[in-house]
Every structure is written in structure tokens, then in C-alpha cells.
Amino acid sequence: MKRIALLTSGGDCQSLNATMRGVAKSIYETYPDAEIYGILEGYKGLIYGNYKKMKPSDFSGILTLGGTIIGTSRQPFKYMRDPDENGLDKVKAMKSTYKKLKLDCIVILGGNGTHKTANLLSEEGLNVVTLPKTIDNDIWGTDMTFGFQSAVDIATNAIDCIHTTAASHGRVFIVEVMGHKVGWLTLHAGIAGGADIILLPEIPYDINSVVDALNKRTEQGKKFSILAVAEGAISKEDAALSKKEYKKKQAKSPFPSVSYKIGKEIEERTGQEVRITVPGHTQRGGEPCAYDRVISSRLGAAAAELIKQEKYGYMVGIKNQEIVPVPLSEVAGKLKMVEPDSSIIKEAKSLGICFGDK
Ligand code: F6P
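Values in this document were obtained by computation on a predicted structure and should not be read as measured data.

Draft legend 1. How the structure looks around the site of the ligand. In the vicinity of the ligand, the contacting residues are Arg-74, Ile-135, Asp-136, Met-178, Gly-179, His-180, Glu-231, His-281 and Arg-284. Here His-180 contributes a backbone N or O atom positioned 3.5 Å from an oxygen atom of the ligand. Summarising the interface, the protein chains cover 72% of the accessible area of the ligand, which totals 400 Å² for the free molecule. Within the shell around the ligand, the residues separate by chemical class into two nonpolar, three polar and four charged.

Draft legend 2. Region of the structure containing the pattern of salt bridges. With the rule as written, the count across this model stands at 17 salt bridges. Between Lys-2 and Glu-310 there is a salt bridge, with the nearest N and O atoms lying 3.4 Å from each other. Taken together, the residues Lys-2 in the segment before strand S1 (3-8) and Glu-310 in the loop between helix H11 (290-308) and strand S10 (314-319) connect sequence positions 308 residues apart. Here Lys-2 falls in the buried class, since its relative accessible area comes to 7%. You can call Glu-310 exposed: its relative accessible area is 54%.

Draft legend 3. Broad picture of helix H10 (residues 258-270). With 13 residues, H10 should reach 18 Å at 1.5 Å per residue; the first-to-last C-alpha distance of 18 Å fits that figure. Two residues or fewer past H10, Gly-271 is found with a positive phi of approximately 75 degrees.

Draft legend 4. A look at the packing of helix H6 (residues 184-192) against helix H13 (residues 343-350). The geometry of H6 relative to H13 is characterised by a closest axis approach of 12 Å and an angle of 35 degrees between their N-to-C directions. Relative to H13, H6 is oriented so that their crossing is left-handed. On H13, the residues touching Leu-187, His-188 and Ile-191 of H6 are Ile-344, Ile-345 and Ala-348. Across the contact of H6 with H13, the residue classes tally to five nonpolar, one polar and no charged.

Draft legend 5. Looking closely at the packing of aromatic side chains. One pass over the structure, following the stated rule, counts two aromatic pairs. A centroid spacing of 6.0 Å and a plane angle of 85 degrees characterise the contact between Tyr-37 and Tyr-51, whose relative ring orientation is edge-to-face. Linking Tyr-37 in strand S2 (residues 35-39) with Tyr-51 in strand S3 (residues 51-53), this pair joins segments that are 14 residues apart in sequence. Given the relative accessible area of 8%, Tyr-37 is considered buried. Judged by relative accessible area, which is 26%, Tyr-51 ranks as partly exposed. Positioned over the ring face of Trp-140 is Lys-334, at 4.0 Å from the centre of the ring.

Draft legend 6. Seen up close, the sheet that holds S2. Read across the sheet, seven strands follow the order S3-S2-S1-S4-S5-S10-S11 without closing on themselves; strand pairing throughout is mixed. Both outer strands of the open sheet, S3 and strand S11 (322-327), are each paired with one neighbouring strand and no more. Neighbour-to-neighbour, the strand axes of this sheet turn through a mean angle of 25 degrees, independent of strand direction. Of the strand pairs in this sheet, strand S4 (residues 105-110) and strand S5 (residues 128-132) are connected by five bridges, and their pairing is parallel. Paired with Ile-108 across the strands is Thr-130, a residue of S5. Lying over the sheet, helix H1 (residues 16-30) contacts S1, S2, S4 and S5, oriented at roughly 175 degrees with respect to S1.

Draft legend 7. Spotlight on unusual backbone geometry. One non-glycine residue, Glu-310, lies in positive phi territory at about 55 degrees. We note that Gln-321 has phi near 70 degrees; this positive angle belongs to a residue other than glycine. Here Gln-321 shows up in the loop between S10 and S11. Given a relative accessible area of 58%, Gln-321 falls into the exposed group.

Draft legend 8. Layout of the sheet that holds strand S6 (residues 172-177). In spatial order, the strands read S7-S8-S6-S9; together these four strands make up an open sheet with parallel pairing. Of all strands in the sheet, those with a lone pairing partner are strand S7 (197-199) and strand S9 (274-277), marking the two edges. Sheet twist, expressed as the average angle between the axes of neighbouring strands with direction ignored, equals 20 degrees. By the bridge criterion, three bridges tie S7 to strand S8 (residues 225-230) in an arrangement that is parallel. When the sheet's bridge partners are listed, Ile-198 is paired in S8 with Ala-228. The strands touched by H6 are S6, S7 and S8; relative to S7, the strand with the most contacts, the crossing angle is about 175 degrees. Running over the sheet, H10 touches S6, S7, S8 and S9 and is turned about 165 degrees from S6.

Draft legend 9. The arrangement of the environment of Arg-21 in detail. Inspection of the secondary structure assignment puts Arg-21 in helix H1. Distance from Arg-21 to Met-178, taken between C-alpha atoms, is 26 Å for residues 157 residues apart in sequence.

Draft legend 10. Just the nonpolar core, in detail. Among the nonpolar cores identified, the biggest contains 62 residues, and Ile-27, Phe-59, Val-107, Leu-131 and Phe-355 are the most heavily contacted of them. In terms of residues, this core owes the most to one element, helix H5 (residues 148-169), which gives eight residues. With sequence-adjacent residues up to four places away left out, Val-107 is seen in contact with Ile-4, Ala-5, Leu-6, Leu-7, Val-23, Val-129, Leu-131 and Ile-307. Counting 26 residues, the second-largest nonpolar core is a separate cluster that includes Ile-47, Met-80, Val-326 and Leu-328.

Draft legend 11. Seen up close, the pairing of S2. The buried fraction of S2 is high, at five of five residues. Every second residue of S2 is oriented toward a common face, with Glu-35, Tyr-37 and Ile-39 on one face and Ile-36 and Gly-38 on the other, all of them buried. Here S1 pairs with S2 via five bridges, running parallel. Looking across to S2, one finds that Ala-5 is bridged to Tyr-37. At this point the chain moves from S1, through H1, to the parallel S2, and the crossover so formed is right-handed.

Rules of the game
- Residues numbered from 1 in each chain as written.
- Predicted model: local features only at pLDDT ≥ 70, side-chain atom pairs only at ≥ 80, totals over all residues.
- Heavy atoms only, no water.
- Near = heavy atom within 4 Å.
- Polar contact = N/O pair within 3.5 Å; in protein donor to acceptor, adjacent residues only side chain to side chain.
- Areas by Shrake-Rupley, 256 points an atom, 1.4 Å probe, with all protein chains shown as cover.
- Nonpolar A, V, L, I, M, F, W, Y, C, P; charged D, E, K, R; others polar.
- Salt bridge = Lys/Arg side-chain N within 4 Å of Asp/Glu carboxyl O.
- Helix = DSSP H or I, 4+ residues; strand = E, 2+ residues; numbered from the N terminus.
- Buried < 20%, exposed > 50% of the residue type's maximum accessible area, 1.4 Å probe, protein only.
- Expected span 1.5 Å × (residues − 1).
- Axes fitted to C-alpha atoms, helices over the stretch in contact; angles between N-to-C directions.
- Left-handed = near helix turned anticlockwise from the far one by under 90°.
- Contact = heavy atoms within 4.5 Å.
- Phe/Tyr/Trp six-rings, centres within 6.5 Å; stacked < 30°, edge-to-face > 60°.
- Lys NZ or Arg CZ within 6 Å of the ring centre and 35° of its normal.
- Pairing = 2+ DSSP bridges.
- Core = buried A, V, L, I, M, F, W, Y, C linked by side-chain atoms within 4.5 Å.
- Right-handed = clockwise from strand over helix to strand, strands pointing away.

Structure, rendered in C-alpha cells:
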């Protein structure tokens, strides 16, 4: 008999349910009488003891369902050691919920912040297995996170739709893509959508270079241009500021996001009409794509296998298409960023895509 809890934390994504289904199916295959608990709304549920006992039927019909059937929330790691507004010790409270449920293991699905808390719980003696969730694909220790490819498809579709209208009107279009502080989503959607200019947080841009690339297209007789801009894109001059100076500057910025700043500069410098599209949270919604369903099923089954082997303190990752356990202590606190010198960037540049860096 096994007693297991599932917890989804941080921003949601398309393949969370598919992944939990993978864990549950594989656990029930080996332990038909297993007890699986769903911790409600992320770490909040673990802190305040909100959970529900799941039935095998809860995991049926959810392979294609977006979101998370047990809810999620953001509970920043930096406040985990601070007591809540009523003086409750959150770490102690999480350990006590775990003990109360007499769990063999808690399976935590989440991104970077989630992994820091998961590692903390593991260090506090709980049996933890994690699964890499995020549309940002920025978790260290895995080539791929579930949710990423589904989001790439949506962002690509947004760029595809913009293509026809951009061509009809002869305008410059900016599509702002999610991804937080990293550019994986923008890079992949930008290439897949045929963007002319891709701006990433990892490659601070020079607006002169962006303007030159646009003017070059105009000289070549091209009537429209498309930029895929990461929400975390940053200019060279802003990247040179200290964190504090940059925050101060941002607080005074009249623009709702970086794309609007870039759009205004382009209009002023080129005289071309600019439109901005922000697909926003649509990138996290809807069904998981087939690729995500496959990796979610594999990752879920692999997490169950670790539980069967009583091998705890690991994130289940993917390296070179193979599933690998990665120690949580190695994952927590690190970010996987796009390398400006990586082959994918070189290949994109050789296609003529401008990254605003020269
Ligand atoms: O981490 C996933 C993500 O969608 C990022 O790409 C984005 O910056 C952030 O979450 C948005 O967070 P929220 O849903 O809390 O607004």
C-alpha cells in the first residue's frame, strides 16, 4: 500500500493533468489500493491542510484537459520561512499535513520557485519527487519541461495569424511572448512563426540594430515585418544598469511592457506603423499538444517508478530524449537560459533573423 500526495504549484500550464494522470495510472497499476491525495491550490493547501482524497476515476478523461484539477497558487519561496499573518510557521505546518496524511511521498509539479520549496521540504526530511512544469522551459537539469511545446504552438499560431494581417496592411507587428526572464518560448515560436526579428532577455538588444534590420527589409521591398519579443527582453543600456537602478527606471516607465517601448521607438525612427499583440495567458491555456501528452505520460510513469523504488529527493528530467532523475539539490535555485552562442541562435542568425545584437 502506498499513500501519495500530488501538488501543483506556481503558474499553471497545459499538461499538468496529463502528468498527474501518468503518475496515478502507473501507481494504481502496481498498487491498486494506493491512496492518492490531491493537495489543493499548491503549497497553500499543504500549509493549511486543504486536500482531498482522489479516486481512480478522477484521473480518467483528463489527458487532454488544460489547467489543474487540484488548483494551484503562487507561494514565493522567499517568504516560506516567514510566519503567516497569524504567526503560523509554514514549514512546520507543511510537515504536519504530510505527517497527518501518513504519506510515503509527495509528488510536486512545478517550476523554478516551486523547486526551491520542494528542495527545502526534502531537506526537512519529507520524501519528495518533483516533475518539471513550465511554459518557460527554464528549469535547470532537464532539456524539456512539460507545457513548453503546447505554449510554443499557441505563440506560433499567434505569429501565423499576425502574418496575414501584417502583409495586408504593410505594418510592423510585435508579438510579445511570455517566458519570464528567459527566451526559450520566444526563440522557438519566433523561428516557427518566421519572425524577422527575435528579441530575448539573454541577448540585450540595441534599438539601432533593430531599426537597421527593419530598414533593410524595406529597402528589399518587403512591406511588413514581424518581431517576436520576449516579455523579459531588455535593451543594452538597461542591461548595463544595476538591478536597483533598472527597477527604479521601470517603475517610472509609461509603457505597460517592453514591446510598447520598442514599438514607439520603431515608429519614431522608421515612420512605419506599428501594432502590438500580447497573447498573454492564452499561451498557458487549452489542451496540451501531442508532444506534451507523451512526455507528461512518460514523466508521470517515471515519477511513479521512483516511488516504487523508494528513491526520493529527485526531479524527473529529460536528457537527450531519455528520462533521468536529477537530485533536487542540483536543480533548486538555478535557471536554464538560452546561450547566446548556442547552435540554435547561430542557425537562426544564418537564416537572416536579427537578434538586435549588432
Ligand atoms: O512562468 C510561467 C509564466 O506564464 C511566465 O511566462 C509569466 O511571466 C508568468 O508565468 C505570469 O505569471 P502570472 O500568471 O502570475 O501572471
